[in-house]
Amino acid sequence: MTEPNHDAHRSRLSARIASIAESATLAVDSKAKALKAEGAPVIGFGAGEPDFPTPDYIVAAAVAAAGDPVNHRYSAAGGLPELKAAIVDKTARDSGYAVTPGQVLVTNGGKQAVYNTFAALLDPGDEVLLPTPYWTTYPEAIRLAGGTPVEVFAGIDQGYLVTVDQLEAARTAQTKVLLFCSPSNPTGAVYPPEAVEAIGRWAVQHGIWVVTDEIYEHLLYDGAQAPSMPVLVPELADTCVVLNGVAKTYAMTGWRVGWMIGPADVVKAATNLQSHATSNVANVSQRAAIAALQGSLEAVAEMHAAFDRRRTTIVSMLNEVDGIDCPTPTGAFYAYPNVEALLGREIAGRTPTTSVELAEIILDEAQVAVVPGEAFGPSGYLRLSYALGDNDLADGVGRIQELLA
């Protein structure tokens, strides 16, 4: 006789992991690539990934590193000393922020830096103020670390920039961290220096940690500036973690090298976590990152010029469509148009009521992949990355124009 299974009621997956949403941006990109593999002429605006190859001098450093047996072995979980030193020098050069190697943890891409930071800072019940629209990974990393994301929404009427008053209204006794990202993914919005300083001083006043993501620091336009918050507010340094990496600046998304900079005790705790989770970042990638940070910014300037040109094109073309309102981004490589006027309007025999449904219609009818606003907060918006070739960009937005004409 078979014994009863007293554990049959248990889920196959932990509630913690089962509750994590798939990355919406990667899902859209994967679907677009799958359709292209089947022969469909899909143009994808989904992934935040430069279309340029990694600069030659960085690749050459990696090739040389692959042939050196010293890189065939485990290295320090927190990063190669040479890379930590390069990050320290780069941070002083680009931000004017003086840090030490003991304040640096090299991570497997920016996403691991995000998770490590929240895991080191948060206990169950701790709240994180999350300016919205937000990058899709932030709330999932916060929840996975045991925290609670608290959305603070700033729409197109505010230029997608939250105010100190909004943050204060959302603050509770459980608020421990503010997530700050400028230039912003997904909106391309950039906080002016006076707003950065005001937010930093508010955080210091209330004893709130700031996690500031500076991954798009070199992608600024129209004279915009993105000063590092602990530079403007030095007294914040002991309760601030800076996130960064080589992915966007140097077209190195696939190399998986990011880092976090913070107080030594927080970095030590995050390093302990990483020593069990993944150990060191691949040594060849770390050697490539050293070459990137120590090399010329000439290739970066060339990519910046292309992004600036594409930015002008995509904003102009989107705003030609009745029902689309697209502000001009001053950072990163994303356009974030408001499309609320298109919801409830019949398009190709279908009537979308959400931006998810609108994105589905655009993919089905125009074979153009965009990411709906629900991935980043409220419905009624789309995110389009303009980190793709000029011809594809013009063709893709042209198809959207034709569909929505």
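Structure: see above.
*Asks:* Mind showing me how you'd approach the sheet that holds strand E2 (residues 104–107) here?
*Replies:* Pairing between the strands of a sheet comes from backbone hydrogen bonds, and it takes one of two forms, parallel or antiparallel. Spatial strand order, E2-E8-E7-E6-E5-E3-E4: seven strands in an open sheet with mixed pairing. For this open sheet the edge positions go to E2 and strand E4 (148–153), each flanked by a neighbour on one side alone. For this sheet, the mean inter-axis angle between neighbouring strands, taken without regard to orientation, is 20°. For strand E6 (residues 209–213) and strand E7 (residues 240–245), the ladder comprises four bridges, and the chain directions are parallel. Directly across from threonine 212, in E7, lies its bridge partner valine 242. Those strands touched by helix H5 (residues 109–121) are E2, strand E3 (127–132), strand E5 (175–181), E6, E7 and strand E8 (258–261), and its axis lies near 30° from that of E8.

*Asks:* In this structure, what is going on with helix H3 (residues 56–66)? I would like to understand it.
*Replies:* Residues lying three or four places apart along an α-helix face the same way, a consequence of the helix completing one turn every 3.6 residues. Taken together, the buried positions of H3 are occupied by Ile58, Ala62 and Ala65. Projected down its long axis, H3 carries its buried residues within an arc of 60°, all on one side. Exposed side of H3, more than 90 degrees from the buried face: Asp56, Val63 and Ala64 are the residues found there.

*Asks:* Sorry, what's going on with the packing of H3 against helix H11 (residues 283–294) here?
*Replies:* H11 packs onto H3 with a crossing angle of 145° between their chain directions and a minimal axis gap of 8 Å. The chirality of how H3 crosses H11 is right-handed. Across the interface between the two elements, Tyr57, Ile58, Ala61, Ala62, Ala65 and Ala66 from H3 touch Val284, Arg287, Ala288, Ala291 and Ala292 from H11. For the contact of H3 with H11, the class distribution of residues is ten nonpolar, no polar and one charged.

*Asks:* Help me understand the packing of aromatic side chains in this model?
*Replies:* Under the criterion given, the structure shown has twelve aromatic pairs. Arranged with centres 4.8 Å apart and planes meeting at 50°, the rings of phenylalanine 180 and tyrosine 191 form a pair that is tilted. Taken together, the residues span a long stretch of sequence, with phenylalanine 180 in strand E5 and tyrosine 191 in the loop between E5 and helix H8 (193–205) at a distance of eleven residues. Each member of the pair, phenylalanine 180 as well as tyrosine 191, carries the same accessibility label: buried. Taken together through their ring pairs, the aromatic side chains of Phe52, Tyr216, Phe307, Phe333 and Tyr334 make up a single cluster.

*Asks:* It is not clear to me how the pattern of salt bridges should be interpreted in this structure. Could you clarify?
*Replies:* For side chains bearing opposite charge, pairing can occur when the charged atoms are close. Taken as a whole and judged by the stated rule, the model has 17 salt bridges. We note a salt bridge from aspartate 51 to arginine 310, for which the minimum N-O separation is 2.8 Å. Remark: arginine 310 occurs in helix H12 (residues 298–319) and aspartate 51 occurs in the loop between strand E1 (43–44) and H3; sequence separation between them is 259 residues. Aspartate 51 gets classed as partly exposed once you look at its relative accessible area, which sits at 36%. The partner of lysine 90 in a salt bridge is aspartate 94, with the nearest N and O atoms 2.8 Å apart. Taken together, the residues span about one helical turn, with lysine 90 and aspartate 94 both in helix H4 (residues 81–95) at a distance of four residues. Each of Asp51, Arg309, Arg310 and Asp390 takes part in a single network of salt bridges with overlapping partners.

*Asks:* Just to check I follow, could you spell out the pairing of E6 for this structure?
*Replies:* A regular strand places its side chains on the two faces of the sheet in alternate fashion. For E6, the buried fraction is high: five of the five residues fall into the buried class. With burial as the criterion, each face of E6 is covered, one bearing Trp209, Val211 and Asp213 and the other bearing Val210 and Thr212. As paired strands, E5 and E6 are joined by five bridges and run parallel to one another. Residue pairing across strands places leucine 179 opposite valine 211, the latter belonging to E6.

*Asks:* What should I look at first to understand helix H10 (residues 264–277) in this one?
*Replies:* Helix length check: H10, at 14 residues, gives a terminal C-alpha distance of 20 Å against a target of 20 Å (1.5 Å per residue), a fit within 8%. Turning to H10, its buried residues are Val266, Val267, Ala270, Thr271 and Gln274. What you see down the axis of H10 is that its buried residues fit within an arc of 135°, all on one side. Among the exposed residues of H10, those pointing more than 90 degrees away from its buried face are Asp265 and His276. Where H10 is buried, its residues touch E2, H5, E6, E7 and E8. Serine 279 lies just past H10 and shows a positive phi near 60°.

Reading the values: rules and limits
- Residues numbered from 1 in each chain as written.
- Predicted model: local features only at pLDDT ≥ 70, side-chain atom pairs only at ≥ 80, totals over all residues.
- Heavy atoms only, no water.
- Pairing = 2+ DSSP bridges.
- Helix = DSSP H or I, 4+ residues; strand = E, 2+ residues; numbered from the N terminus.
- Axes fitted to C-alpha atoms, helices over the stretch in contact; angles between N-to-C directions.
- Contact = heavy atoms within 4.5 Å.
- Buried < 20%, exposed > 50% of the residue type's maximum accessible area, 1.4 Å probe, protein only.
- Arc of directions from axis to C-beta.
- Left-handed = near helix turned anticlockwise from the far one by under 90°.
- Nonpolar A, V, L, I, M, F, W, Y, C, P; charged D, E, K, R; others polar.
- Phe/Tyr/Trp six-rings, centres within 6.5 Å; stacked < 30°, edge-to-face > 60°.
- Salt bridge = Lys/Arg side-chain N within 4 Å of Asp/Glu carboxyl O.
- Expected span 1.5 Å × (residues − 1).

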